[in-house]
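# Working through the structure, step by step
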Amino acid sequence: MARFPVTALRSVELGTPDLDRSVKFYCDVWGLALVARVDGIVYLRATGRDHHVVALYQSEQPELGAVTFRVASPDDLASIADRTVAEGARLLCGPAPNAAPDGGVAMTIRAPEGGILRFVHGDIGHAPGPQQGDRPERLAHVNLNSTDVDRSAAFYERALGFRLTDRSKAMAFVRCNSDHHAVVIAAAGVNGLNHVAFLMPSLEAVMRGSGRMIDAGFPIAWGVGRHGPGDNVFSYFIDPVGTVIEYTAEVLQVDDSYVVRGPDHWVWPPGRTDQWGIAPPKAEHVKAAQLSVRYAAP
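Since the structure is predicted, the reported quantities are computational estimates derived from the model, not experimental observations. (Residues numbered from 1 in each chain as written. Predicted model: local features only at pLDDT ≥ 70, side-chain atom pairs only at ≥ 80, totals over all residues. Heavy atoms only, no water.)

So, on to the overall build of the chain. Looking only at helices and strands, the chain has five helices and 17 strands in total. Computed over the C-alpha atoms, the radius of gyration of the chain is 18 Å, within 12% of the 19 Å expected from 2.2 N^0.38 for a compact globule of 298 residues. On the principal axes, the C-alpha backbone points of the chain span a range of 50 × 45 × 35 Å. Across the 298 residues in the chain, those meeting the buried criterion constitute 55%. Long-range contacts, defined as pairs at least 24 residues apart, comprise 67% of the intrachain contacts of the chain with a sequence gap of at least 6. Surface summary for the chain: the accessible area is close to 12300 Å², and the carbon and sulfur share equals 54%. In the chain, 28 side chains carry a positive charge and 33 a negative one; their mean positions are 1 Å apart. (Helix = DSSP H or I, 4+ residues; strand = E, 2+ residues; numbered from the N terminus. Rg over C-alpha atoms; globule rule 2.2 N^0.38 Å. Buried < 20%, exposed > 50% of the residue type's maximum accessible area, 1.4 Å probe, protein only. Contact = heavy atoms within 4.5 Å. Areas by Shrake-Rupley, 256 points an atom, 1.4 Å probe, with all protein chains shown as cover. Lys, Arg positive; Asp, Glu negative; His and termini not counted. Charge placed at Lys NZ, Arg CZ, Asp CG, Glu CD.)

Next up, the structure:
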(Lines give C-alpha, C1' and ligand atoms only; values in the text may rest on other atoms or scores of the structure.)
Protein backbone atom coordinates (compact mmCIF):
# COMPACT_ATOMS: atom_id res chain seq x y z
CA MET A 1 0.00 0.00 0.00
CA ALA A 2 1.16 3.53 -0.77
CA ARG A 3 2.71 5.42 2.15
CA PHE A 4 0.45 7.85 3.99
CA PRO A 5 2.08 10.72 5.95
CA VAL A 6 -1.09 10.88 8.06
CA THR A 7 -1.82 7.42 9.42
CA ALA A 8 -5.00 7.76 11.48
CA LEU A 9 -7.80 9.95 12.74
CA ARG A 10 -7.09 10.22 16.47
CA SER A 11 -9.57 12.54 18.22
CA VAL A 12 -11.91 15.52 18.10
CA GLU A 13 -12.29 18.55 20.35
CA LEU A 14 -15.91 19.50 20.93
CA GLY A 15 -17.18 22.68 22.54
CA THR A 16 -20.32 22.38 24.65
CA PRO A 17 -22.43 24.98 26.48
CA ASP A 18 -22.99 22.50 29.32
CA LEU A 19 -19.67 20.82 30.06
CA ASP A 20 -20.78 18.79 33.07
CA ARG A 21 -23.82 17.43 31.23
CA SER A 22 -21.76 16.50 28.19
CA VAL A 23 -19.10 14.74 30.28
CA LYS A 24 -21.76 12.76 32.10
CA PHE A 25 -23.42 11.77 28.84
CA TYR A 26 -20.26 10.64 27.06
CA CYS A 27 -19.06 8.67 30.10
CA ASP A 28 -22.28 7.22 31.49
CA VAL A 29 -24.30 6.73 28.31
CA TRP A 30 -22.17 6.84 25.17
CA GLY A 31 -19.47 4.58 26.57
CA LEU A 32 -16.23 6.58 26.95
CA ALA A 33 -14.05 6.89 30.05
CA LEU A 34 -12.45 9.87 31.77
CA VAL A 35 -8.68 10.18 31.24
CA ALA A 36 -7.81 13.67 32.49
CA ARG A 37 -9.23 17.08 33.27
CA VAL A 38 -6.64 19.79 32.57
CA ASP A 39 -7.09 23.55 32.14
CA GLY A 40 -10.84 23.23 31.70
CA ILE A 41 -10.59 20.49 29.05
CA VAL A 42 -11.95 17.00 29.77
CA TYR A 43 -10.23 14.14 27.92
CA LEU A 44 -12.20 10.94 27.27
CA ARG A 45 -10.92 7.65 25.89
CA ALA A 46 -12.48 4.67 24.14
CA THR A 47 -11.38 1.08 24.77
CA GLY A 48 -8.50 1.23 22.24
CA ARG A 49 -4.94 2.53 22.46
CA ASP A 50 -5.58 6.22 21.77
CA HIS A 51 -4.92 8.55 24.69
CA HIS A 52 -8.32 10.11 24.07
CA VAL A 53 -10.87 10.26 21.29
CA VAL A 54 -12.88 13.25 22.55
CA ALA A 55 -11.78 16.40 24.36
CA LEU A 56 -14.66 18.47 25.73
CA TYR A 57 -14.48 22.13 26.69
CA GLN A 58 -16.90 24.89 27.66
CA SER A 59 -18.19 27.10 24.84
CA GLU A 60 -21.15 29.40 24.26
CA GLN A 61 -22.66 27.01 21.75
CA PRO A 62 -21.78 23.58 20.33
CA GLU A 63 -18.72 23.85 18.10
CA LEU A 64 -15.94 21.79 16.58
CA GLY A 65 -12.71 22.97 18.16
CA ALA A 66 -10.24 20.72 16.30
CA VAL A 67 -9.71 17.39 14.59
CA THR A 68 -6.49 15.56 15.51
CA PHE A 69 -4.63 13.12 13.27
CA ARG A 70 -1.60 10.94 13.96
CA VAL A 71 1.35 11.13 11.55
CA ALA A 72 3.89 8.51 10.51
CA SER A 73 7.10 10.30 11.55
CA PRO A 74 8.32 13.59 13.07
CA ASP A 75 9.56 14.68 9.64
CA ASP A 76 6.01 14.47 8.33
CA LEU A 77 4.95 17.26 10.67
CA ALA A 78 7.22 19.77 8.97
CA SER A 79 6.38 18.60 5.46
CA ILE A 80 2.65 18.70 6.18
CA ALA A 81 3.04 22.23 7.57
CA ASP A 82 4.74 23.35 4.36
CA ARG A 83 2.20 21.70 2.06
CA THR A 84 -0.84 22.90 3.95
CA VAL A 85 0.37 26.50 3.90
CA ALA A 86 1.04 26.18 0.16
CA GLU A 87 -2.56 25.00 -0.24
CA GLY A 88 -4.03 27.97 1.61
CA ALA A 89 -3.95 26.92 5.27
CA ARG A 90 -2.47 28.98 8.11
CA LEU A 91 0.12 27.52 10.48
CA LEU A 92 -0.98 28.23 14.05
CA CYS A 93 1.76 26.52 16.05
CA GLY A 94 4.50 23.92 15.93
CA PRO A 95 5.87 21.49 15.23
CA ALA A 96 6.80 21.61 18.91
CA PRO A 97 6.60 19.53 22.08
CA ASN A 98 2.96 19.06 22.99
CA ALA A 99 2.05 20.41 26.44
CA ALA A 100 -1.37 18.70 26.45
CA PRO A 101 -1.79 15.39 28.30
CA ASP A 102 -1.48 13.33 25.11
CA GLY A 103 2.18 14.40 24.82
CA GLY A 104 4.46 13.84 21.86
CA VAL A 105 5.14 16.49 19.23
CA ALA A 106 2.26 18.47 17.73
CA MET A 107 1.52 20.92 14.95
CA THR A 108 -1.71 22.85 14.38
CA ILE A 109 -3.13 24.55 11.30
CA ARG A 110 -6.32 26.34 10.34
CA ALA A 111 -7.57 24.84 7.09
CA PRO A 112 -8.86 27.04 4.25
CA GLU A 113 -12.50 26.48 5.19
CA GLY A 114 -11.88 27.50 8.80
CA GLY A 115 -11.51 24.27 10.73
CA ILE A 116 -8.53 23.61 12.99
CA LEU A 117 -6.53 20.47 12.21
CA ARG A 118 -3.99 19.12 14.67
CA PHE A 119 -1.25 16.59 13.93
CA VAL A 120 0.66 14.57 16.53
CA HIS A 121 3.54 12.11 16.61
CA GLY A 122 4.75 10.09 19.57
CA ASP A 123 1.57 10.76 21.53
CA ILE A 124 0.92 8.78 24.71
CA GLY A 125 -1.17 5.66 24.33
CA HIS A 126 -2.91 3.19 26.60
CA ALA A 127 -2.85 -0.55 26.76
CA PRO A 128 -6.13 -1.49 25.09
CA GLY A 129 -8.88 -2.20 27.53
CA PRO A 130 -10.84 -5.44 27.34
CA GLN A 131 -13.17 -5.42 24.34
CA GLN A 132 -16.64 -4.57 25.51
CA GLY A 133 -19.68 -5.53 23.50
CA ASP A 134 -21.33 -2.13 23.50
CA ARG A 135 -18.49 0.42 23.86
CA PRO A 136 -16.56 2.36 21.19
CA GLU A 137 -13.00 1.27 20.35
CA ARG A 138 -11.84 4.42 18.53
CA LEU A 139 -13.03 7.08 16.15
CA ALA A 140 -14.08 5.76 12.74
CA HIS A 141 -14.47 9.01 10.82
CA VAL A 142 -15.38 12.65 11.04
CA ASN A 143 -17.90 14.08 8.57
CA LEU A 144 -17.33 17.75 7.75
CA ASN A 145 -19.74 20.09 5.98
CA SER A 146 -18.28 22.09 3.10
CA THR A 147 -19.48 24.76 0.73
CA ASP A 148 -17.08 23.33 -1.87
CA VAL A 149 -16.66 19.56 -1.55
CA ASP A 150 -14.19 19.08 -4.37
CA ARG A 151 -11.95 21.91 -3.19
CA SER A 152 -11.96 20.53 0.35
CA ALA A 153 -11.25 16.98 -0.85
CA ALA A 154 -8.38 18.28 -2.97
CA PHE A 155 -6.89 19.94 0.11
CA TYR A 156 -6.86 16.62 1.97
CA GLU A 157 -5.28 14.91 -1.03
CA ARG A 158 -2.65 17.49 -1.99
CA ALA A 159 -1.77 18.90 1.42
CA LEU A 160 -2.24 15.86 3.68
CA GLY A 161 -1.61 12.91 1.38
CA PHE A 162 -5.09 11.39 1.72
CA ARG A 163 -6.61 9.45 -1.18
CA LEU A 164 -10.10 9.79 -2.61
CA THR A 165 -11.91 6.48 -2.13
CA ASP A 166 -15.41 7.27 -3.44
CA ARG A 167 -17.45 10.29 -4.57
CA SER A 168 -21.23 10.30 -4.28
CA LYS A 169 -23.41 13.16 -5.46
CA ALA A 170 -23.22 14.91 -2.10
CA MET A 171 -20.06 13.58 -0.43
CA ALA A 172 -16.37 12.84 -0.95
CA PHE A 173 -14.79 10.00 1.03
CA VAL A 174 -11.05 10.26 1.69
CA ARG A 175 -8.73 7.87 3.50
CA CYS A 176 -5.31 7.78 5.17
CA ASN A 177 -5.03 4.04 5.84
CA SER A 178 -6.91 0.86 4.95
CA ASP A 179 -10.23 2.14 6.34
CA HIS A 180 -12.47 3.18 3.43
CA HIS A 181 -12.60 6.70 4.86
CA ALA A 182 -11.30 8.71 7.81
CA VAL A 183 -12.87 11.97 6.64
CA VAL A 184 -16.13 12.47 4.79
CA ILE A 185 -16.81 15.85 3.20
CA ALA A 186 -20.49 16.66 2.72
CA ALA A 187 -21.98 19.36 0.48
CA ALA A 188 -23.67 22.03 2.57
CA GLY A 189 -24.41 25.73 2.63
CA VAL A 190 -22.14 26.15 5.65
CA ASN A 191 -18.74 24.87 6.77
CA GLY A 192 -18.52 22.92 10.01
CA LEU A 193 -19.21 19.57 11.64
CA ASN A 194 -21.79 17.17 10.24
CA HIS A 195 -21.16 14.32 12.68
CA VAL A 196 -18.54 12.22 14.46
CA ALA A 197 -18.54 8.43 14.04
CA PHE A 198 -17.27 6.02 16.70
CA LEU A 199 -16.13 2.53 15.73
CA MET A 200 -17.82 -0.32 17.56
CA PRO A 201 -16.45 -3.89 17.64
CA SER A 202 -19.30 -5.38 15.61
CA LEU A 203 -22.83 -5.04 14.30
CA GLU A 204 -23.97 -6.65 17.54
CA ALA A 205 -22.17 -3.88 19.46
CA VAL A 206 -23.91 -1.20 17.38
CA MET A 207 -27.26 -2.74 18.24
CA ARG A 208 -26.48 -3.14 21.94
CA GLY A 209 -25.08 0.40 22.16
CA SER A 210 -28.18 1.70 20.41
CA GLY A 211 -30.36 -0.13 22.91
CA ARG A 212 -28.46 1.44 25.78
CA MET A 213 -28.95 4.89 24.24
CA ILE A 214 -32.69 4.30 23.84
CA ASP A 215 -32.94 3.11 27.44
CA ALA A 216 -31.26 6.36 28.52
CA GLY A 217 -33.80 8.48 26.62
CA PHE A 218 -31.87 9.11 23.40
CA PRO A 219 -33.82 7.73 20.43
CA ILE A 220 -32.15 6.66 17.21
CA ALA A 221 -31.99 9.75 14.99
CA TRP A 222 -31.31 7.80 11.79
CA GLY A 223 -30.84 4.09 11.20
CA VAL A 224 -30.06 1.37 11.95
CA GLY A 225 -28.81 0.78 8.39
CA ARG A 226 -25.84 0.01 6.17
CA HIS A 227 -24.19 2.78 4.16
CA GLY A 228 -23.21 2.51 0.51
CA PRO A 229 -19.69 4.00 0.35
CA GLY A 230 -17.71 2.25 3.08
CA ASP A 231 -20.30 -0.54 3.51
CA ASN A 232 -20.45 0.29 7.22
CA VAL A 233 -23.36 -0.27 9.59
CA PHE A 234 -24.68 2.92 11.18
CA SER A 235 -26.88 4.22 13.96
CA TYR A 236 -27.07 8.00 14.46
CA PHE A 237 -27.94 9.94 17.61
CA ILE A 238 -28.04 13.55 18.77
CA ASP A 239 -26.13 14.28 21.99
CA PRO A 240 -27.57 16.46 24.79
CA VAL A 241 -26.33 19.75 23.27
CA GLY A 242 -27.23 19.00 19.65
CA THR A 243 -24.10 17.40 18.17
CA VAL A 244 -24.76 14.44 15.86
CA ILE A 245 -22.81 11.27 16.69
CA GLU A 246 -22.77 7.81 15.17
CA TYR A 247 -22.09 4.25 16.19
CA THR A 248 -20.61 2.35 13.26
CA ALA A 249 -18.97 -0.99 12.53
CA GLU A 250 -17.71 -3.21 9.70
CA VAL A 251 -16.04 -0.39 7.78
CA LEU A 252 -14.82 -1.62 4.38
CA GLN A 253 -11.07 -2.25 4.23
CA VAL A 254 -9.39 -1.21 0.96
CA ASP A 255 -5.95 -1.12 -0.65
CA ASP A 256 -4.36 0.50 -3.68
CA SER A 257 -6.34 -1.74 -6.02
CA TYR A 258 -9.66 -0.22 -4.97
CA VAL A 259 -11.44 1.51 -7.87
CA VAL A 260 -12.97 4.90 -7.06
CA ARG A 261 -16.66 5.04 -7.95
CA GLY A 262 -18.57 8.20 -8.69
CA PRO A 263 -22.09 9.64 -8.28
CA ASP A 264 -23.56 7.51 -11.08
CA HIS A 265 -22.72 4.38 -9.09
CA TRP A 266 -23.99 5.52 -5.69
CA VAL A 267 -27.70 5.78 -6.47
CA TRP A 268 -30.50 4.31 -4.35
CA PRO A 269 -33.97 3.33 -5.54
CA PRO A 270 -36.66 5.91 -4.68
CA GLY A 271 -37.39 6.04 -0.95
CA ARG A 272 -34.32 4.03 0.08
CA THR A 273 -31.60 5.61 2.27
CA ASP A 274 -29.34 2.60 2.90
CA GLN A 275 -28.33 -0.73 1.39
CA TRP A 276 -30.74 -2.78 3.44
CA GLY A 277 -33.78 -0.59 2.85
CA ILE A 278 -34.39 -0.52 6.60
CA ALA A 279 -33.34 3.01 7.63
CA PRO A 280 -36.21 5.48 7.29
CA PRO A 281 -35.73 8.82 5.54
CA LYS A 282 -33.71 11.19 7.68
CA ALA A 283 -35.97 13.50 9.72
CA GLU A 284 -35.75 17.25 9.23
CA HIS A 285 -34.62 17.89 12.81
CA VAL A 286 -31.69 15.51 12.23
CA LYS A 287 -30.73 17.28 9.00
CA ALA A 288 -30.85 20.59 10.90
CA ALA A 289 -28.63 19.23 13.67
CA GLN A 290 -26.09 18.10 11.08
CA LEU A 291 -25.77 21.72 9.93
CA SER A 292 -25.82 23.39 13.34
CA VAL A 293 -22.28 22.81 14.69
CA ARG A 294 -19.79 25.28 13.21
CA TYR A 295 -16.02 25.58 13.51
CA ALA A 296 -14.67 27.41 16.55
CA ALA A 297 -14.13 31.07 15.78
CA PRO A 298 -10.53 32.32 15.35
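A few words now on the environment of Leu 56. Locating Leu 56 in the fold gives a position in strand E4 (residues 54-58). For the pair formed by Leu 56 and Glu 13, sequence separation is 43 residues and the distance between their alpha carbons is 5.9 Å. Excluding its chain neighbours within four sequence positions, the residues that come into contact with Leu 56 are Leu 14, Leu 19, Ser 22, Val 23, Tyr 26, Gly 40, Ile 41, Val 42 and Leu 44.

For the rest of this paragraph, the subject is helix H2 (residues 74-86). What H2 keeps buried is the set Asp 76, Leu 77, Ile 80, Ala 81 and Thr 84. Seen from one end, H2 has its buried residues packed into an arc of 140 degrees, which puts them on one side. Every exposed residue of H2 that faces more than 90 degrees away from the buried side is listed here: Asp 75, Asp 82 and Ala 86. Here the buried face of H2 lies against strand E1 (6-16), strand E5 (63-71), strand E6 (90-97), strand E7 (105-110), strand E8 (116-121) and helix H3 (149-160). (Arc of directions from axis to C-beta.)

By the element assignment, Arg 212 lies in helix H4 (residues 203-215). Taking the relative accessible area as the measure of exposure, Arg 212 reaches 15% and is therefore buried. Of note is the side chain of Arg 212, whose polar atom sits 2.8 Å from the side chain of Asp 134. Apart from the residues lying within four places of it in its own chain, the contact partners of Arg 212 are Val 29, Trp 30, Gly 31, Asp 134, Arg 135 and Tyr 247. (Polar contact = N/O pair within 3.5 Å; in protein donor to acceptor, adjacent residues only side chain to side chain.)

What the rule picks out here adds up to 14 aromatic pairs. Ring centres 5.4 Å apart and planes at 75 degrees place the aromatic pair Trp 30 and Phe 198 in the edge-to-face group. With a gap of 168 residues between them, Trp 30 in helix H1 (residues 19-30) and Phe 198 in strand E13 (residues 192-199) connect regions that are remote in the sequence. The class for Trp 30 is buried, based on a relative accessible area of 0%. Each ring, one from Trp 30 and one from Phe 237, has its centre 6.0 Å from the other, and the planes form 75 degrees; the classification is edge-to-face. Residue Trp 30 is located in helix H1, and its partner Phe 237 is located in strand E15 (residues 233-238); the two are separated by 207 residues in the primary sequence. As far as the burial class goes, Trp 30 and Phe 237 line up, both buried. Counting every residue linked through ring pairs, the aromatic cluster contains Phe 25, Tyr 26, Trp 30, Phe 198, Phe 218, Phe 237 and Tyr 247. Positioned above the aromatic ring of Trp 222 is the side chain of Lys 282, whose terminal nitrogen or guanidinium carbon lies 4.3 Å from the ring centre. (Phe/Tyr/Trp six-rings, centres within 6.5 Å; stacked < 30°, edge-to-face > 60°. Lys NZ or Arg CZ within 6 Å of the ring centre and 35° of its normal.)

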